Amino acid sequence: MTSDLTCRFPLGAAVTAAALEDDPHPHLARLRAREPVSWLPALGGWLVTSHALALRVLRDAETFTVDDPRFSTAQVVGPSMLSLDGPVHARHRDPFARPLRPARTRERFTAFVEAETARLVDGLAPAGRAELRGELAGPLAVAVVTEALGLDGVDAATVRAWYGAFVDAVSAITAGGTAPPAAGEAYELLTAAVEDAIRASRPDSPLAGAARDEAGLTTAEVVANAAILMFGGIDTTEGMIANAVLHLLEHPDQLRLVLADRELLPAAIEESLRIEPSASVLDRYATRDADLGGTAVRTGDLVRVSIAGANRDPAVFADPDRFDVRRSNVADHLAFAHGPHFCFGAPLARLEARTALTALLDRLPGLRLDPSRPARPHGLVFRKPMYLHVRWDT
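Parameters and conventions
Residues numbered from 1 in each chain as written. Predicted model: local features only at pLDDT ≥ 70, side-chain atom pairs only at ≥ 80, totals over all residues. Heavy atoms only, no water. Helix = DSSP H or I, 4+ residues; strand = E, 2+ residues; numbered from the N terminus. Rg over C-alpha atoms; globule rule 2.2 N^0.38 Å. Buried < 20%, exposed > 50% of the residue type's maximum accessible area, 1.4 Å probe, protein only. Areas by Shrake-Rupley, 256 points an atom, 1.4 Å probe, with all protein chains shown as cover. Lys, Arg positive; Asp, Glu negative; His and termini not counted. Charge placed at Lys NZ, Arg CZ, Asp CG, Glu CD. Phe/Tyr/Trp six-rings, centres within 6.5 Å; stacked < 30°, edge-to-face > 60°. Lys NZ or Arg CZ within 6 Å of the ring centre and 35° of its normal. Pairing = 2+ DSSP bridges. Axes fitted to C-alpha atoms, helices over the stretch in contact; angles between N-to-C directions. Left-handed = near helix turned anticlockwise from the far one by under 90°. Contact = heavy atoms within 4.5 Å. Nonpolar A, V, L, I, M, F, W, Y, C, P; charged D, E, K, R; others polar.

Residue-level account of the overall build of the protein chain, with values.
Counting secondary structure elements, the protein chain contains 17 helices and 12 strands. Its C-alpha atoms give the protein chain a radius of gyration of 21 Å, within 12% of the compact-globule value 21 Å for 394 residues. Seen along its three principal axes, the alpha-carbon backbone of the protein chain occupies a region of about 60 × 55 × 35 Å. Burial analysis of the protein chain (394 residues in total) assigns 54% to the buried set. Entry remark: accessible area of the protein chain is about 16,500 Å², with carbon and sulfur atoms responsible for 55%. Computed over 41 positive and 51 negative side-chain charges, the separation of the two mean positions in the protein chain equals 3 Å.

Help me get a handle on the packing of aromatic side chains, residues and values and all.
Going through the model one piece at a time under the given rule, you end up with four aromatic pairs. Between F166 and Y187, the aromatic rings sit 5.8 Å apart at their centres with planes inclined by 70 degrees, giving edge-to-face as the arrangement. In this pair, F166 is assigned in helix α10 (residues 156–174) and Y187 in helix α11 (residues 181–200), connecting sequence segments 21 residues apart. For F166, a relative accessible area of 0% puts it in the buried group. The positively charged end of R274 is found above the aromatic ring belonging to F317, 5.2 Å away from the centroid.

Mind laying out the sheet that holds strand β4 (residues 129–131), listing which residues take part and the relevant values?
Ordered in space as β4-β12-β9, the three strands form an open sheet in which the pairing is antiparallel. The open sheet terminates on both sides in strands that have one partner only, identified here as β4 and β9 (368–369). Here β4 runs beside strand β12 (residues 389–391); their pairing, made up of three bridges, is antiparallel. Of the residues in β12, the one forming a bridge with A130 is V390.

So what's going on with the pairing of strand β1 (residues 37–40)? Which residues, and what values?
What you see with β1 is no split at all: V37 and W39 on one side and S38 and L40 on the other are buried throughout. Of the strand pairs in this sheet, β1 and strand β2 (residues 45–48) are connected by four bridges, and their pairing is antiparallel. Paired with S38 across the two strands is L47, which belongs to β2. Counting the residues that bridge the hairpin from β1 to β2 gives four residues, and of these G44 lies at a positive phi of roughly 70 degrees.

Residues and numbers for the packing of helix α7 (residues 87–97) against helix α13 (residues 219–250), please.
Viewed as axis vectors pointing N to C, α7 and α13 meet at an angle of 65 degrees, and their least axial separation amounts to 11 Å. You can see that α7 and α13 cross each other, and the crossing is right-handed. Touching R91, H92 and F96 of α7 are E221, V222, N225 and L229, all from α13. In the contact of α7 with α13, the residues fall into three nonpolar, two polar and two charged.

Right under this line is the structure:
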């Protein structure tokens with residue numbers, strides 16, 4: 001069957017994982033034009049690159065589910081909101097989603113995010129140069145997740161280490177290996193910290209709130225979802241901030257528009273999410289045979305949705321490879337997914353990105369990319385620059 005699929009989908013057969021990791025967009029454009037649902041041996045499944053078909057998959061959790069034993073994150077942390085569908089998904093998700101609704105997010109986190117951003121940027125300002133992913137985007141995302149989870153007594157470096165161990169474990173399993181011992185050790189430490197937070201029962205602690213919620217989550221389930229919030233709140237937010245800075249500094253004409261009219265900054269962040277989503281691929285598994293854009297998908301098949309491909313679909317976005325802070329329909333991007341697994345942390349991530357970019361533009365005059373150390377996004381699933389070296393006038 002695999003050889004037959006390779007013959008039927010020659011473009012997909014020719015695409016390597018390394019090419020998608022390095023610069024996927026030319027490959028995704030060809031696939032979208034000629035094989036919008038294509039079989040990619042390099043990924044072991046189908047890749048969906050059209051906006052309309054991506055929406056269909058993300059909305060139809062009955063046909064295209066995350067609830068499958070192959071789902072790598074579930075193998076590391078156990079069942080969670082990320083790897084469940086239907087009523088049990090809502091049971092895991094709702095206790096954590098309610099405290100992060102837009103109005104509550106603004107009220108609860110604006111002052112903290114502004115203060116943490118100011119601390120980080122003020123610390124960088126005298127030097128005239130910095131590596132912004134490692135010195136701003138990452139530390140800010142970790143600090144906010146630590147605060148959001150209410151992990152009292154756990155410093156940001158420890159949370160970062162736990163998160164790194166979980167990422168290493170997921171990567172190892174995805175590559176066909178086994179999770180390293182460090183992941184189990186990190187999970188034990190996270191479990192102890194969550195148990196402490198539940199016992200402390202701080203009024204604004206989402207962990208304590210989830211444990212008390214009528215959904216009746218067990219401590220183990222609260223721990224699993226806390227680990228998932230680390231995934232969602234650290235890596236993707238770090239990438240979102242780094243990518244947005246990179247896009248603005250790479251396009252001086254667009255940067256000038258934003259500097260002249262700060263009301264354009266939120267739109268610039270959304271356009272950055274569209275043109276380079278920090279989470280570029282989402283996995284689903286077919287629960288039954290289905291026709292997807294004229295392609296026969298079989299029960300059990302892995303169906304990977306290319307958010308990066310959908311976000312540059314010319315059927316939806318005119319001149320899709322152009323970074324345009326005045327794009328009228330930028331809100332149609334799928335960077336935060338869609339359907340039942342839409343990212344409920346989107347308001348907090350947007351708050352962090354907007355606050356970080358505002359501080360950079362306000363406090364670092366002449367902010368520009370370091371021409372001696374070029375940067376560009378990289379990664380198969382999580383796409384962001386490995387380093388983001390910048391300079392400014394002191």
